[in-house]
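Listed here are the chains, written in short residue letters.
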Amino acid sequence: MASTETVETLSALDANSLGMLDALVAASGWNQTADDWALFFRHGTVHVVRDADGLIVASGAVLPMGAGAAWISMILVAPDASGAGLGRSVFEQCLATVQSTGRTAMLDATPAGEPLYRQYAFSPLWRLSRWYREALPGALGKEAGRQEGGGLEALIDLDAEALGLERGVVLGELMQRQGSRVVRHAQAFAVVRSGRIAQHIGPLIATDEASAAQLLGELTDGIAEPIFIDVPDERPLLHEQLANAGFALQRGFARMARGEPPSRGQTAFIHAIAGPEFG
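Residues numbered from 1 in each chain as written. Predicted model: local features only at pLDDT ≥ 70, side-chain atom pairs only at ≥ 80, totals over all residues. Heavy atoms only, no water.

Draft legend 1. Main features of the overall build of the protein. Assigned secondary structure in the protein consists of eight helices and 12 strands. For the protein, whose C-alpha radius of gyration is 18 Å, the value lies close to the compact-globule estimate of 19 Å for 279 residues. On the principal axes, the C-alpha backbone points of the protein span a range of 55 × 40 × 35 Å. Residues counted as buried form 52% of the 279 residues belonging to the protein. Of all intrachain contacts in the protein linking residues separated by at least 6 positions in sequence, the fraction that spans at least 24 positions is 73%. Accessible area for the protein stands at about 11500 Å²; split by element, carbon and sulfur atoms hold 49% of it. (Helix = DSSP H or I, 4+ residues; strand = E, 2+ residues; numbered from the N terminus. Rg over C-alpha atoms; globule rule 2.2 N^0.38 Å. Buried < 20%, exposed > 50% of the residue type's maximum accessible area, 1.4 Å probe, protein only. Contact = heavy atoms within 4.5 Å. Areas by Shrake-Rupley, 256 points an atom, 1.4 Å probe, with all protein chains shown as cover.)

The structure is reproduced here in structure tokens:
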């Protein structure tokens, strides 16, 4: 497939471009939806590469996280356009976008992507792993309580304390998206949202791992659909709990930053991330 090899900033997220971006996600087996692309477009920047026929064959997204940092994600290349350096080109444009704002560039790298990002002076901060459970037709279907209204503000504040970054607008949209629910128990809360192929649990924020484990147990007992959850590697109680609940390790990620992030946050409060696309 011939490509223009020119990275452009998407100026409109119309049905045609959205369909092509969704096709990239599907071809890669990722879980993002049209709602996710719309969020990137509203609050960040989406870069793409088109082939000679105008089809989008590579993508990347930048999402500001307050004044100090910005997240790079969605580095995708169509299978029949791989090997031409398009992923590197679109990533370089994403990085230039972050640098132009004076923010620290951050991302969650797959094992395949980590060597590339190291070439651009990214360093790992900590590591996490994706767990997956297939659908359980016999799940109980319980639904823990939803935290509504002004209560969301306190959860967003706790999330900012844990992450060390401000993503209140993004998290608020994820919490209130159709098909999402926010579940709170004692000193823990979690967001559960619908993805393209599975429900995603995260972020899961709690002041201690025992509270996180209790909430996670309630959630996994009540979800019949397939589930993804991305958990820091230094959470042995949660890892054991997930394995006992029928989850399998799928792959690792490395949380990386180019330079020192504006704040390391209270990482001990993070028991599952919002997803590698949202930090």
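Draft legend 2. Structural view of the pairing of strand β2 (residues 45-51). For β2, the tally of buried residues reaches five of seven residues, placing the bulk of the element in the interior. Pairing analysis gives six bridges linking β2 to strand β3 (residues 56-65), with the strands arranged antiparallel. Considered in β3, the bridge of His-47 is made with Gly-60. Between the antiparallel neighbours β2 and β3 lie four residues, among them Gly-54 with a positive phi of about 90 degrees. (Pairing = 2+ DSSP bridges.)

Draft legend 3. Fine view of the packing of helix α5 (residues 151-163) against helix α6 (residues 168-176). For the pair α5 and α6, the least separation of the axes is 10 Å and the interaxial angle reads 130 degrees. On the basis of the axis angle, α5 is oblique to α6. Both α5 and α6 take part in a crossing whose hand is right-handed. Only Gly-168, Leu-171, Gly-172, Met-175 and Gln-176 of α6 make contact with α5, whose side of the interface consists of Leu-152, Leu-155, Ile-156 and Asp-159. Each residue belonging to the contact of α5 with α6 can be placed in one class, and the counts come to five nonpolar, three polar and one charged. (Axes fitted to C-alpha atoms, helices over the stretch in contact; angles between N-to-C directions. Parallel < 35°, antiparallel > 145°, perpendicular 65-115°, else oblique. Left-handed = near helix turned anticlockwise from the far one by under 90°. Nonpolar A, V, L, I, M, F, W, Y, C, P; charged D, E, K, R; others polar.)

Draft legend 4. Highlighting the nonpolar core. Ranked by internal contacts, the top residues of the largest apolar core, which has 51 residues, are Trp-37, Phe-40, Leu-63, Met-74, Met-175, Phe-189 and Phe-278. Apart from the residues lying within four places of it in its own chain, the contact partners of Leu-63 are Leu-39, Phe-40, His-43, Gly-44, Ala-70, Trp-71, Val-170, Glu-277 and Phe-278. Val-192, Ile-201, Ala-212 and Leu-219 belong to the second largest nonpolar core, which has 21 residues in total. (Core = buried A, V, L, I, M, F, W, Y, C linked by side-chain atoms within 4.5 Å.)

Draft legend 5. Local environment of unusual backbone geometry. Residue Pro-203 is bonded to the preceding Gly-202 through a cis peptide linkage, with omega at 5 degrees. Mapped onto the secondary structure, Pro-203 falls in strand β9 (residues 199-206). At Met-74, a residue that is not glycine, the phi angle is positive and equals roughly 60 degrees. Here Met-74 shows up in strand β4 (residues 69-77). The phi dihedral of Ala-121 is positive, around 70 degrees, even though this residue is not glycine. Residue placement: Ala-121 occurs in the loop between α4 (114-119) and β6 (122-133).

Draft legend 6. View of the pattern of salt bridges. Under the criterion given, the structure shown has 10 salt bridges. In this structure, Arg-255 and Asp-108 form a salt bridge, with 2.8 Å as the shortest nitrogen-oxygen distance. In this pair, Arg-255 is assigned in strand β11 (residues 248-258) and Asp-108 in strand β5 (residues 104-109), connecting sequence segments 147 residues apart. Per residue, the accessibility class of Arg-255 equals that of Asp-108, and both read buried. In this structure, Arg-127 engages Glu-114 in a salt bridge whose closest nitrogen and oxygen atoms are separated by 2.9 Å. A residue pair is termed long-range when its members are at least 10 positions apart, and Arg-127 in strand β6 and Glu-114 in helix α4 qualify at 13 residues. Within this structure, Glu-114, Arg-118 and Arg-127 form a network of salt bridges that share partners. (Salt bridge = Lys/Arg side-chain N within 4 Å of Asp/Glu carboxyl O.)

Draft legend 7. Looking closely at the packing of aromatic side chains. The final tally for this structure, using the stated rule, is seven aromatic pairs. On the basis of an interplanar angle of 55 degrees and a centroid distance of 4.9 Å, the ring pair of Phe-91 and Tyr-117 is categorised as tilted. Taken as a pair, Phe-91 in helix α3 (residues 86-100) and Tyr-117 in helix α4 lie far apart in primary sequence, 26 residues in all. Here Phe-91 and Tyr-117 have matching classes, each one buried. Aromatic ring contacts, followed pair by pair, group Phe-91, Tyr-117, Tyr-120 and Phe-122 into a single cluster. (Phe/Tyr/Trp six-rings, centres within 6.5 Å; stacked < 30°, edge-to-face > 60°.)

Draft legend 8. Local environment of the confidence of the model for the protein. Here the protein averages 92 in pLDDT, while 94% of its residues score no lower than 70. Under a pLDDT of 50 for its full length, residues 144-150 has, in the predicted model, 15 contacts with residues more than four places off or in other chains. (pLDDT = per-residue confidence, 0-100.)

Draft legend 9. Up close: the side chain of Asn-31. On the secondary structure map, Asn-31 appears in the loop between α1 (15-28) and α2 (34-43). Among the residues examined, Asn-31 registers a relative accessible area of 8% and is labelled buried. Once you skip the residues sitting within four places of it in the chain, Asn-31 turns out to touch Val-25, Gly-195, Arg-196, Ile-197, Ala-198, His-200 and Phe-228.

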